[in-house]
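Observations on the three-dimensional arrangement
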Amino acid sequence: MTVSSPAASPFDDIRQLAADAPAAPASTFEGGDRLAEISAWLTAWTGKTPPVVLRPVVALYAGARQGVGPRGYARERLEAVAAGGANVCRIAGVQGAGLEAFDLAIDRPTPDAAAKASMSEKECAATMAFGMEALAKQPDLLIPGVIAAETDRAAGAIALALVGGEASDWSDAPEPVAAAVTRAAGEDNLSDPLQALRQLGGRETAALVGAILAARVQKIPVLLDGYAAAAAAAVLHAIDPALIAHCQASHVGTAKGHARLLEALGKRPLINLDIAEEEGVGGVTALALVRLACEVR
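Residues numbered from 1 in each chain as written. Predicted model: local features only at pLDDT ≥ 70, side-chain atom pairs only at ≥ 80, totals over all residues. Heavy atoms only, no water.

**Observations concerning the overall build of the protein**
Worth spelling out the cut-off: The helix and strand labels rest on DSSP assignments: H or I over at least four residues marks a helix, E over at least two residues marks a strand, and numbering proceeds from the N terminus. Here the globule rule is a power law, 2.2 Å times the number of residues to the power 0.38, and the radius of gyration is based on C-alpha atoms. Buried means the residue's accessible area, taken with a 1.4 Å probe over protein chains only, is under 20% of the maximum for its type, while exposed means over 50%, and partly exposed covers the values in between.
In terms of regular secondary structure, the protein is built from 13 helices and five strands. Radius of gyration (C-alpha) of the protein: 18 Å, near the 19 Å computed for a compact globule of 297 residues. By its C-alpha atoms, the protein is 60 × 55 × 35 Å across when sized along the principal axes. By residue count, 54% of the 297 residues in the protein fall in the buried class.

So, in C-alpha cells, the structure goes:
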C-alpha cells in the first residue's frame with residue numbers, strides 16, 4: 001500500500017527559511033551606556049568596526065481592512081507619502097534615509113478578522129514573500145512600518161493570541177479584538193504563529209513579518225517602527241526568539257498594548273517621545289540616535 005505524503009503547506013518555505021537563518025553573531029557589548037550598547041549591536045550584525053549606517057531604508061506597507069477606520073484612509077495616507085507630504089518623508093530626508101511605500105491591494109481590503117480569517121495560507125505566504133522585496137535595495141539598516149488605520153486592532157489580536165492576557169490589555173477596541181481571537185481559535189490552532197498571523201493580521205502585518213525575516217537571513221539590523229511592527233516581530237519570536245535578535249525597538253508609541261508587547265519581546269525602546277503616528281515616524285526619528293551611537297568608541 002502506498003501512503004501519500006501530506007500536501008505541502010504554503011507556509012513550508014517560510015518555516016524552512018526561518019529554520020535556516022544564520023546563527024546570531026556574538027555581541028561585543030561588555031557593559032556601558034545605551035549608546036555603547038547600540039554601537040555593539042550594529043557592530044555584531046554588520047561586522048563593521050566602528051559601525052556605520054550608510055543606506056538606511058524605511059519600508060512602509062499600506063493595508064486596509066473591511067470596516068476598520070475611515071473609508072479610504074490607507075489610500076489617502078499612501079498618496080500623502082508618495083507626494084512627499086507626510087511627516088516621515090521630511091524626517092527621512094533630514095536623516096538621509098531611503099523611503100519606499102508598498103500598496104498591498106488597499107482597494108481590496110482584507111476581511112474584518114472578527115468575522116473571517118484575514119487571509120488564506122496561500123495569500124499570507126505570498127504577502128510575506130512580497131514584504132521581502134524591501135531588501136532589494138540592499139539597505140544596511142531597515143526600518144519597517146505600516147500605513148493602516150487603527151493598527152491596534154490587528155496588533156492587539158496577534159498579541160492576545162500569542163502572549164495571552166485580556167483583550168483590554170492590548171487594544172482600546174477590546175470587543176472586536178476578543179471576537180477575532182475567539183473566532184480564529186475555533187478554526188485554527190493559534191499556537192502556530194503563522195496561523196495566528198493569517199487569521200488575525202492584515203496584509204500589512206504579513207509583509208512586515210516577511211521583511212523582518214528576510215533582514216534576519218541577510219544579517220541586516222532592523223529598527224521596529226510602531227505597534228504593527230512589534231506584532232510582526234512577535235510572530236517570529238513565537239517561532240524562535242532568535243529570529244528577532246537583529247531587531248531593536250525604535251520607540252514606544254501611545255497605542256495601548258505597544259509597551260506591554262515590547263516588554264514581552266524583551267525589547268527596550270531607544271526613545272520615548274509619545275509618538276502616536278505610525279508610518280515610520282518613530283523609527284526614522286530613532287535613526288538619529290543610532291547614527292550618534294556609531295560615533296561611540
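**Remarks on the packing of helix α6 (residues 151–163) against helix α11 (residues 226–239)**
Stated formally: Between N-to-C directions, angles span 0 to 180 degrees; the directions come from axes that are lines fitted to C-alpha atoms, helices contributing only their stretch in contact. Any angle that is under 35 degrees is reported as roughly parallel, and any over 145 degrees as roughly antiparallel; angles of 65 to 115 degrees are reported as roughly perpendicular and all others as oblique. Crossing handedness follows the turn of the near helix against the far one: under a right angle anticlockwise gives a left-handed crossing, and clockwise gives a right-handed one. Contacts were defined at the residue level, with two residues in contact if any of their heavy atoms lie within 4.5 Å. Just so you know the grouping, Ala, Val, Leu, Ile, Met, Phe, Trp, Tyr, Cys and Pro go in nonpolar, Asp, Glu, Lys and Arg go in charged, and all remaining residues, Gly too, go in polar.
The contact between α6 and α11 brings their axes to 9 Å, and the two run at 25°. Put simply, α6 runs roughly parallel to α11. At the point where α6 passes α11, the crossing takes the left-handed sense. Facing D152, A155, G156, I158, A159 and L162 of α6, the residues of α11 in contact are Y227, A228, A231, A234, V235 and A238. Residue composition of the contact of α6 with α11, grouped by class: ten nonpolar, one polar and one charged.

**Focus on the confidence of the model for the protein**
Do not read the predicted coordinates in detail wherever pLDDT is low. The condition is simple: You can read pLDDT as the predictor saying how much it trusts each residue, on a scale of 0 to 100.
Confidence in the prediction of the protein, expressed as mean pLDDT, is 94, and 98% of residues score 70 or more. Contacts for the low-pLDDT stretch residues 1–5, under 50 throughout, to residues beyond four places or in other chains number zero contacts.

**Remarks on unusual backbone geometry**
A cis geometry characterises the amide bond from T49 onward to P50, with omega recorded as -5°. Residue position: P50 is located in the loop between α2 (34–46) and β1 (56–62). Backbone geometry places Q138, a non-glycine residue, at a positive phi of 55°. For Q138, the position within the fold is in the loop between α5 (121–131) and β3 (141–147). Take Q138: its relative accessible area is 57%, and that puts it in the exposed class. Not every positive phi belongs to a glycine, and D274 is a case in point at roughly 55°. Relative to the elements of secondary structure, D274 occurs in the loop between α12 (258–265) and α13 (281–293).

**Let's talk about the pairing of β1**
Spelled out, the test is: Strand pairing is defined by DSSP finding a minimum of two bridges between the two strands.
In terms of burial, β1 is largely enclosed, as seven of its seven residues are buried. The alternating pattern of β1 places P56, V58, L60 and A62 on one face and V57, A59 and Y61 on the opposite face, and all of these are buried. Relative to β3, β1 runs parallel, the two sharing seven bridges. Paired with P56 across the two strands is L141, which belongs to β3. Strand direction decides the pairing type here: β1 and strand β2 (residues 98–103), joined by six bridges, are parallel. When the bridges of β2 are listed, V58 appears paired with L99.

**Considering the pattern of salt bridges**
Selection criterion: Criterion for a salt bridge: a side-chain nitrogen of Lys or Arg within 4 Å of a carboxyl oxygen of Asp or Glu.
Counted under the stated rule, the structure contains 15 salt bridges. When the shortest N-O distance is used, the salt bridge between R77 and E277 registers 4.0 Å. One end of the pair, R77, is in helix α3 (residues 73–82); the other, E277, is in the loop between α12 and α13, and 200 residues separate them in sequence. A single salt-bridge network, built from bridges that share partners, covers D12, R15 and D192.

**Notes on the packing of aromatic side chains**
Worth spelling out the cut-off: Stacked, tilted and edge-to-face are the three classes assigned to paired rings of Phe, Tyr and Trp, where Trp is represented by its six-membered ring and a pair needs centres within 6.5 Å; plane angles under 30 degrees give stacked, over 60 edge-to-face, the rest tilted.
Scanning the model with the defined rule gives two aromatic pairs in all. Considering the side-chain rings of F102 and F130, the 5.7 Å spacing of their centres and the 85° angle between planes classify their relative orientation as edge-to-face. In this pair, F102 sits in strand β2 while F130 sits in helix α5, placing the two residues 28 residues apart along the sequence. The buried category is assigned to F102, whose relative accessible area is 11%. Residue F130 is classed as partly exposed on the basis of its relative accessible area, which comes to 35%.

**Focus: the environment of M132**
Here M132 lies in the loop between α5 and β3. A C-alpha to C-alpha distance of 24 Å links M132 and L261, two positions 129 residues apart in sequence. Ignoring any residue separated from it by four or fewer positions in sequence, one finds M132 in contact with I14, L17, G210, A211, L213 and A214.

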